[in-house]
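This is what each chain is made of:
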Amino acid sequence: DVKVTQSSRYLVKRTGEKVFLECVQDMDHENMFWYRQDPGLGLRLIYFSYDVKMKEKGDIPEGYSVSREKKERFSLILESASTNQTSMYLCASRSPNEKLFFGSGTQLSVL
Amino acid sequence: AQSVTQLGSHVSVSEGALVLLRCNYSSSVPPYLFWYVQYPNQGLQLLLKYTSAATLVKGINGFEAEFKKSETSFHLTKPSAHMSDAAEYFCAVSRTGANNLFFGTGTRLTVIP
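**Observations regarding the overall build of chain B**
Okay, step 1: Helix and strand content of chain B: 0 helices and 11 strands.
Okay, step 2: For chain B, the N- to C-terminal ordering of α and β elements is β-β-β-β-β-β-β-β-β-β-β.
Okay, step 3: Over its C-alpha atoms chain B spans a radius of gyration of 13 Å, differing by no more than 12% from the 13 Å that the globule rule assigns to 113 residues.
Okay, step 4: Judged by the C-alpha coordinates and their principal axes, chain B covers about 40 × 25 × 20 Å.
Okay, step 5: In chain B, the proportion of contacts linking residues at least 24 apart, taken out of those at least 6 apart, comes to 56%.
Okay, step 6: Within the structure as shown, chain B displays about 5,200 Å² of accessible surface, and the carbon and sulfur contribution to it stands at 53%.

**Observations regarding the packing of aromatic side chains**
Okay, step 1: A full pass over the atoms with the stated rule returns 13 aromatic pairs over all chains.
Okay, step 2: Ring geometry for Phe102(A) against Tyr36(B): centres 5.7 Å apart, planes inclined by 80°, an arrangement best described as edge-to-face. One end of the pair, Phe102(A), is in strand β11 (residues 100-102); the other, Tyr36(B), is in strand β4 (residues 31-38), on a second chain.
Okay, step 3: Using a relative accessible area of 11% as the deciding quantity, one classes Phe102(A) as buried.

**Remarks on the sheet that holds strand β1 (residues 3-7) of chain B**
Residues and elements named next belong to chain B.
Okay, step 1: The 5 strands lie next to each other as β1-β3-β8-β7-β6, forming an open sheet whose pairing is antiparallel. Every other strand in the sheet has two partners, leaving β1 and β6 (56-58) as the edge strands with one partner each. Along the sheet, successive strands turn relative to each other by an average axial angle of 20°, direction set aside.
Okay, step 2: Where β1 lies against strand β3 (residues 19-26), 5 bridges are found, and the strand directions are antiparallel.

**Some remarks on unusual backbone geometry**
Residues other than glycine predominantly adopt negative phi, and peptide bonds predominantly adopt the trans conformation.
Okay, step 1: In this structure, Asp28(A) is a non-glycine residue whose phi angle is positive, near 60°.
Okay, step 2: Tracing the chain through its elements places Asp28(A) in the loop between β4 (23-25) and β5 (31-38).
Okay, step 3: On the basis of relative accessible area, Asp28(A) is assigned to the exposed category, the value being 56%.
Okay, step 4: In this structure, Asn41(B) takes a positive phi of about 65° despite not being glycine.
Okay, step 5: With respect to the secondary-structure elements, Asn41(B) resides in the loop between β4 and β5 (44-50).

**Overview of the nonpolar core**
Okay, step 1: Core analysis: the largest hydrophobic core is formed by 27 residues, its most contacted members being Trp35(B), Phe74(B), Leu76(B) and Tyr89(B).
Okay, step 2: Elements with a contribution of two residues or more to this core: β2 (10-14), β3, β4, β5, β7 (64-68), β8 (73-78), β9 (87-95) and β11 (107-112) of chain B.
Okay, step 3: Val4(A), Cys23(A), Tyr47(A) and Tyr89(A) belong to the second largest nonpolar core, which has 20 residues in total.

**As for the interface of chain A and chain B**
A common measure of how large an interface is: the accessible area buried when the components associate.
Okay, step 1: Taken together, the contacts link 22 residues of chain A with 22 residues of chain B.
Okay, step 2: Here chain A meets chain B over a buried area of about 1,700 Å², counting both sides, of which 50% is carbon and sulfur.
Okay, step 3: Three residues stand out in chain A for area buried against chain B, namely Leu43(A), Glu98(A) and Phe102(A), and they jointly supply 29% of the buried area on that side.
Okay, step 4: Inspection of the region where chain A meets chain B yields 0 salt bridges.
Okay, step 5: One can count 4 residue pairs in polar contact (both at pLDDT 80 or more) joining chain A with chain B.
Okay, step 6: Elements that contribute at least two residues to the side of chain A that touches chain B include exactly β5, β6 (42-51), β10 (87-94) and β11 of chain A.
Okay, step 7: Looking at the side of chain A that touches chain B residue by residue, the class counts come to 10 nonpolar, 7 polar and 5 charged.

**Re the confidence of the model for chain B**
Okay, step 1: The predicted model of chain B has a mean per-residue pLDDT of 90, with 94% of residues at 70 or higher.
Okay, step 2: Per-residue pLDDT, averaged within each element of chain B, yields its smallest value for strand β10 (residues 102-103) of chain B (88) and its largest for β2(B) (97).

Conventions and cut-offs
- Numbering of residues begins from 1 in every chain and follows the order in which that chain's sequence is written.
- Here every chain gets a letter starting at A, and every ligand a number starting at 1, in the order they are written.
- Restriction of local features to residues with pLDDT of at least 70 applies here, the model being predicted, together with a cutoff of 80 or more for giving and counting side-chain atom pairs; totals for whole chains, interfaces and linings are based on all residues.
- Hydrogens and water are ignored here; the side-chain numbers use all heavy atoms of the structure.
- Helix and strand assignments follow DSSP, with helices taken as H or I runs no shorter than four residues and strands as E runs no shorter than two, numbered in order from the N terminus.
- Computation of the radius of gyration draws on C-alpha atoms alone. For the globule rule, the value is 2.2 Å times the number of residues to the power 0.38.
- Only heavy atoms matter for contacts: two residues are in contact if any of them lie within 4.5 Å across the pair.
- Per-residue and other accessible areas follow the Shrake-Rupley method at a 1.4 Å probe size, with only the shown protein chains counted as cover for residues.
- Centres within 6.5 Å make a pair out of two Phe, Tyr or Trp rings, where for Trp the six-membered ring is used; the pair is then stacked when the planes are under 30 degrees apart, edge-to-face when over 60, and tilted otherwise.
- Only protein chains enter the accessibility calculation, which uses a 1.4 Å probe; a residue whose area is less than 20% of its type maximum is buried, one above 50% is exposed, and one in between is partly exposed.
- Here, strands pair whenever DSSP counts at least two bridges between them.
- Comment: axis = line fitted to C-alpha atoms, over the contacting stretch for helices; angle = value between 0 and 180 degrees taken between N-to-C directions.
- Only buried residues count toward a nonpolar core. Its members are Ala, Val, Leu, Ile, Met, Phe, Trp, Tyr and Cys residues joined through side-chain atoms within 4.5 Å.
- Two parts placed together each lose some accessible area; with a 1.4 Å probe, that loss summed over both constitutes the buried area.
- Definition used for salt bridges: Asp or Glu carboxyl oxygen within 4 Å of a side-chain nitrogen of Lys or Arg.
- Any N or O atom pair separated by 3.5 Å or less is treated as a polar contact, with the protein-specific requirement of one donor-capable and one acceptor-capable atom, and with residues adjacent in sequence counted only for side-chain atom pairs.
- Residues are grouped as follows: nonpolar covers Ala, Val, Leu, Ile, Met, Phe, Trp, Tyr, Cys and Pro; charged covers Asp, Glu, Lys and Arg; every other residue, Gly included, is treated as polar.
- Think of pLDDT as the predictor's per-residue confidence, scored from 0 to 100.

So, in structure tokens, the structure goes:
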């Protein structure tokens, strides 16, 4: 089975801190994604990457950046965390037959 | 443009009753359609996928969905609800070769004993 691992299940940060969310997949997938999940809004795409060092903005990229230095790892960076970035963050990788495999999520609280 | 609408943010059914979760899509091209399930404190798992082969798609855990082009719908059903089906369900749409899936806002299913 594909495994997508997010490094932290819960994270509490202060406003203005730089935050790194890490995601690793073990199936050599080219495509990886970062979503945030908020009640009543479903999942919204922040950024995705289709290859090492390649990235594209999703629907809500403001306040975020990403890094993909190795194929298996896709990092989401909050340059200066704000309270409106309190959310559940979900990482996913996509197989060649278009199936998304999700990590367990990171619940980020920004105080 | 692609989008999905899930009717009903909360659905409650009795154990053993029919489960029906509604999803309508809009897409300018033939879509790929998906249902994902999220159990408490977990990420999303794929339940089933429609890719223009058969209009009735069978998924895991006894779920199935029917693609109806005339109604632009892809409703999820299960004949008999089980307590373990309690979760949040998301419908999603994409087009062939696209990098993005567009998710609905989710429907939380409660199963009453």
